[in-house]
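Given next are the chains, with one letter for each unit.
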Amino acid sequence: MINVTKTFLPPQDEYQAILKRAWDTGWMTNRGVLVQELEAKLKDYLDAGNIIAMTNGTLPLQIAIKALGLTGEIITTPFSYVATTSIIVWEGCTPVFVDIHPEYLTIDETKIEAAITPNTTAILATHVFGNPCDVETIQAIADKYGLKVIYDAAHCFGVTYKGQSIFNYGDVSTCSFHATKLFHTGEGGALFCKSEHYDRMFYHHNFGHKGQESFQGLGINAKMSEPQAAMGLAVLPYMRIILEQRKQIVASYNEALAGLPLKPLKLREGTQWNYSYYPVIFENETQLLKAKIKLNENNIFPRRYFYPSLNTLPYIEKNSKLISEDISKRILCLPLYDSLSIETVDRICKLINKSL
Ligand SMILES: *Cc1c(COP(=O)(O)O)cnc(C)c1O
């Protein structure tokens, strides 16, 4: 069976050797040596600013909204994973959707200003499939109206934009280290933020603890555990080779699909991409469904990332975002992972060709 992704598992003995260090200290969580080492190594590898490792990629979004004191309306993208929207609602704010760019698939920055009201407090946008939003324009709008900027950068491990880690843009960026993501710790994630926000974010992720017996303020538990960090430390040394393999697979897809009526993702200029997903946009939903059925019959399981468009979620007031709704119906992510063979890529492309 070929799934849309396959979790990279490091050699078990290497994972266990790292895990043994947790056994030796008897320390399983509460920011032990492994979490601290993972943070330091990630900071170095990613060339990113302030990082806080967390237990998944959703809590950092929740903490960012809370710690930045956001209320009222948050401008966001309808084309992302459900967490981007659900966390806004969960935190008692109202998502205000702005449609996406039809090729970059990120929030259309030219439509943001029209959506701003006196109740707007922030912009929460997704660098979808690792493709950066127009971060300069978004920052200029945020500065003009006094808004905060949060990026859901769940897909962005290792992405740089104009020579900088993508995590360094905005007030806060969040990443997911879920097992289906490019770099993983089983479940896990991280929050990256400007220095001025760091203390507040840090307290929030650990119950507000300031030492054992006093509290800085309100908090929640988002701490990454030592076994999670051990997985990250075991996976990290393989990232360069994983990226190299994915790059070759993406090149093979590009070549094999070149003649077909499918549109690949258009990357924003200045992006050093991470080959995190391979989305293709069909001419219509009927063709997508035909291709999906054909692949499923052959035990190949692509995923409809992202469907449905988030502005149509059942707990969202009725509204329409035509581009996002249209793209959501026509976009399919093909299998992409380091150990996927080029023969399988060719087989997938031939099956899609046949279905069309
Ligand atoms: C995976 C993902 C999340 C959630 O991350 P978890 O680690 O699963 O909590 C949030 N946003 C986007 C865009 C994602 O793809």
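Keep in mind it's a predicted model, so treat the numbers as computed, not measured.

Draft legend 1. Up close: the overall build of the chain. Along the chain, the regular secondary structure elements total eleven helices and 15 strands. Relative to the globule expectation of 21 Å for 356 residues, the C-alpha radius of gyration of the chain, 20 Å, shows essentially globular dimensions. Dimensions of the chain, computed from the C-alpha atoms along their principal axes, are close to 65 × 55 × 35 Å. Of all 356 residues assigned to the chain, the portion counted as buried reaches 56%. Once local pairs closer than 6 in sequence are excluded, the contacts in the chain between residues at least 24 apart make up 70%. By element, 51% of the accessible surface of the chain is carried by carbon and sulfur atoms, the whole surface being about 15,600 Å².

Draft legend 2. Broad picture of the UniProt feature "modified residue: N6-(pyridoxal phosphate)lysine" (unreviewed entry) in the chain. The residues that UniProt annotates with the feature "modified residue: N6-(pyridoxal phosphate)lysine" (unreviewed entry) are Lys 181. Assignment of secondary structure puts Lys 181 in the loop between strand E9 (172–176) and strand E10 (189–193). By relative accessible area, Lys 181 is classed as buried at 18%. Leaving out residues up to four positions away in the same chain, Lys 181 has contacts with Ala 154, His 155, Ser 176 and Tyr 277.

Draft legend 3. Local environment of the pattern of salt bridges. In total, this model carries twelve salt bridges according to the counting rule given. Two residues, Arg 31 and Glu 39, come together in a salt bridge whose shortest N-O distance is 2.8 Å.

Draft legend 4. Here's a closer look at the side chain of Asn 206. Among the secondary structure elements, Asn 206 is positioned in the loop between helix H6 (195–204) and helix H7 (226–235). Excluding residues that lie within four positions of it along the chain, Asn 206 makes contacts with Ile 220 and Lys 223.

Draft legend 5. Just helix H3 (residues 59–67), in detail. The buried count for H3 comes to eight of nine residues, which makes it a mostly enclosed element. Residues Leu 59, Pro 60, Leu 61, Gln 62, Ile 63, Ala 64, Ile 65 and Ala 67 constitute the buried set of H3. Of the residues trailing H3, Gly 69 is marked for its positive phi of about 70°.

Draft legend 6. Representation of the packing of helix H1 (residues 12–25) against H7. It is at 9 Å that the axes of H1 and H7 come closest, and there the two elements cross at 145°. Relative to H7, the crossing made by H1 is right-handed. Facing Tyr 15, Ile 18, Leu 19 and Ala 22 of H1, the residues of H7 in contact are Glu 226, Pro 227, Ala 230, Met 231, Leu 233 and Ala 234. Tallied by class, residues from the contact of H1 with H7 come to nine nonpolar, no polar and one charged.

Draft legend 7. Region of interest: the sheet that holds strand E7 (residues 160–161). Spatially, three strands are ordered E8-E7-E12 in an open sheet, and the strand pairing comes out antiparallel. At either end of the open sheet lies a strand with only one pairing partner, and these are strand E8 (164–165) and strand E12 (271–272). The pairing of E7 with E8 spans two bridges and is antiparallel. Note on E8: the bridge partner recorded for Tyr 161 is Gln 164.

Rules of the game
- Residues numbered from 1 in each chain as written.
- Predicted model: local features only at pLDDT ≥ 70, side-chain atom pairs only at ≥ 80, totals over all residues.
- Heavy atoms only, no water.
- Helix = DSSP H or I, 4+ residues; strand = E, 2+ residues; numbered from the N terminus.
- Rg over C-alpha atoms; globule rule 2.2 N^0.38 Å.
- Buried < 20%, exposed > 50% of the residue type's maximum accessible area, 1.4 Å probe, protein only.
- Contact = heavy atoms within 4.5 Å.
- Areas by Shrake-Rupley, 256 points an atom, 1.4 Å probe, with all protein chains shown as cover.
- UniProt positions renumbered as here; feature names shortened; annotations may be inferred.
- Salt bridge = Lys/Arg side-chain N within 4 Å of Asp/Glu carboxyl O.
- Axes fitted to C-alpha atoms, helices over the stretch in contact; angles between N-to-C directions.
- Left-handed = near helix turned anticlockwise from the far one by under 90°.
- Nonpolar A, V, L, I, M, F, W, Y, C, P; charged D, E, K, R; others polar.
- Pairing = 2+ DSSP bridges.

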